[in-house]
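# Residue-level structural notes
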Amino acid sequence: MSYIGGEYEVRTVTRSVGLFLKLLVIGGLTLIILIALYLVDGVISDRQGYRDEAAKSIADSYASEQRIVGPLLVQPYRQVVEEESIDNGKKKVDKRTVESTYTIFPRELTVKGEMKPSLRRHGLYKVPVYEFDGTISGHIDAPEPKLAGQVEFGAPYLAFRVQDARGIVGRPMAHLNGTAYPVEGAVMTDLEQANPVHPDLAWGTNLRVLVPGMAGKSGGVDFSLDLALAGSQGLEIVPVADSNHFELSSSWPEPLFAGQFLPRSREISADGFHGIWDISSLASGTQQQMMTKPDGPTDAISVTLAKGIDAYSLSDRAVKYGILFVFITFGGFFLFEIAKKMLIHPVQYLLVGACLTVFFLLLISLSEHVRFPLAYLISSVGCVGLMTYYLVFVLRSKEYGLAFGSILAVLYAAIYGLLVSEDNALLLGSLLLFGLIAIVMIGTRKVDWYQKTADLRAARNRLHPLRRIFRQAERTRAGVEAPGGAEKVAGIELLMGAASNAGLCEPTLPEQILA
């Protein structure tokens, strides 16, 4: 204790908790922030669900993703089958009638077309849709049928299947060997009803072109079909022929090529894309798949009008790095306390952590209205600015506050680089973590953690009795500072009496101070 400028100033211990207790408190606060980040991640999942519902709503009212299968030459037939059996030692011949179809795959198939994109809005969300305007052409060789017994053939037809028939625009026309024929649906035509042979349609067919004059005969068919087909987001084409050649183009600048076959060549630019596929039946299992399980999955090419990594995916990835924000910020505070012997209250830790969490909510909400880079810039500038202003007062230094703010700004910029760099995200993230760990290890290489622990433990042991003395001193501050020696001495005696009772000083200390 000392007497300075007419008042007594009691110098107290600079730390109120031990090192490990402080770390425990920081760990608890970190857990609270992580729970908040988990809830924010749940908000992102909910918004993604709303976006998916919007896409489904548009697909329900417009057309879903499309898948084109065909054409296949289907020949219906009715066959009388004789089966021999032995009954009571006598040979017996039973006859039964079978109605079925056999299928011939094309020798060549060429699909060329353009996906004309547009956007449909549902609330806040925009979903890409398209209208495929293309030509399906090729050649089919029909061999002589090899069916024994009594056979009656129905009307053959070219069978097509599209995923969602609502997307068919207008009434398509087909050309067979140079002659135009209308494209029929699944309902039987008058010609088929007049023919007694009409088994159930195969392959889930919903588009057909009748092939006149080829019932039960061999021959070749050159076919061509102009098709306008609307769909949402994606288009798939099944390579059913022995030799398949597909060419797709669009003005959409961000295609996603998927399926079992990637383009043999492709061009992607800001003006759109152009892809070419050449697929042989030797490389594709489509024909075998369709023969063994007609309604099962088949190989196909796929093109989706994607929007890159959307805002929700980027925000979700950003939240994954949220723990890095918390560790770096809280770790920086803790090291500052150790180095500068300045207490930062847990409430101040919590407020800064809350600001870190709100950043992600701002990012999600803003990215629904503006492009993600601008949303990230606004959110980061706002949060970094607020935290820098707050830390100037928390750290009691403008320089320290600005330094922490600069570190946070660099961290936000680095995280953005990780988000937009899809190919190198893992490498950059690993280097960033390594660099941060290296900085901490080098910066604390001379810190004697055992000595810090011992000092804080000793301070904590002295703290309890001093608290009572300080309360006594506060009660007598008015008496000590008031004019008049009697009141001043009375205040000193009261304060020293409390210290003597606590065993922290001798009763003669007041005289020493007065001297």
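The present account deals with the structure reproduced in this document. This one's a predicted model, so the numbers in the text were calculated from it and none came from an experiment.

## With respect to the pattern of salt bridges
Enumeration according to the criterion identifies twelve salt bridges in this entry. Residues R67 and E236 are paired through a salt bridge, measuring 2.3 Å at the closest nitrogen-oxygen approach. Note that R67 is positioned in strand 3 (residues 66–87) and E236 in strand 13 (residues 234–237), a separation of 169 residues in sequence. Residue classification places E236 among the partly exposed positions, given a relative accessible area of 27%. One salt bridge in this structure joins K116 and D133, with 3.5 Å as the shortest N-O distance. Taken together, the positions of K116 in strand 5 (residues 108–122) and D133 in strand 6 (residues 125–142) put the pair 17 residues apart, joining distant regions of the chain. When its relative accessible area of 39% is taken as the criterion, D133 is described as partly exposed. Counted as one network, the salt bridges with shared partners bring together D41, D316 and K320.

## A look at helix 8 (residues 398–420)
Between the first and last C-alpha of helix 8 there are 33 Å, a value that for 23 residues agrees with the 33 Å anticipated at 1.5 Å per step. Among the residues of helix 8, those classed as buried are G401, F404, G405, L408, L411, Y412, I415, L418 and L419.

## Here we look at the state of the cysteines
Where two cysteines share a covalent bond between their sulfur atoms, that bond is called a disulfide. Tallied over the full model, the rule gives zero disulfides. For the unlinked cysteine C355, the closest cysteine sulfur is that of C383, found at 4.3 Å.

## Points about the packing of aromatic side chains
All told, the structure shown has eleven aromatic pairs when counted by the stated rule. Taken together, a centroid distance of 5.0 Å and an interplanar angle of 70 degrees make the contact between F359 and F360 edge-to-face. An identical accessibility class is assigned to F359 and F360; each is buried. With a centroid separation of 5.0 Å and 45 degrees between ring planes, the pair formed by Y376 and Y416 is classed as tilted. On the criterion of sequence distance, the pair formed by Y376 in helix 7 (residues 372–394) and Y416 in helix 8 is long-range, its members being 40 residues apart.

Quick notes on the rules
All residue numbers refer to positions counted from 1 along the written sequence of the respective chain. For a predicted model such as this one, the threshold for reporting local features is a pLDDT of at least 70, and the threshold for listing and counting side-chain atom pairs is 80 or more; totals across whole chains, interfaces and linings nevertheless cover every residue. Hydrogens are left out, water is left out, and the side-chain values use all remaining heavy atoms of the structure. Each salt bridge in this description consists of a side-chain nitrogen of Lys or Arg and a carboxyl oxygen of Asp or Glu lying within 4 Å of one another. Segments assigned H or I by DSSP are reported as helices when at least four residues long, segments assigned E as strands when at least two residues long, and all are numbered from the N terminus. Accessibility here uses a 1.4 Å probe with only protein chains present; expressed as a share of the type maximum, an area under 20% marks a residue as buried, one over 50% as exposed, and anything in between as partly exposed. An expected span of 1.5 Å times one less than the residue number is assigned to each helix. The disulfide definition used here is simple: a pair of cysteine sulfur atoms within 2.5 Å. Working definition: rings of Phe, Tyr and Trp (its six-membered ring) pair if their centres are within 6.5 Å, and the pair is stacked with planes under 30 degrees apart, edge-to-face with planes over 60 apart, and tilted otherwise.

Interpretation note: all reported values are geometric properties and have no functional meaning in isolation.
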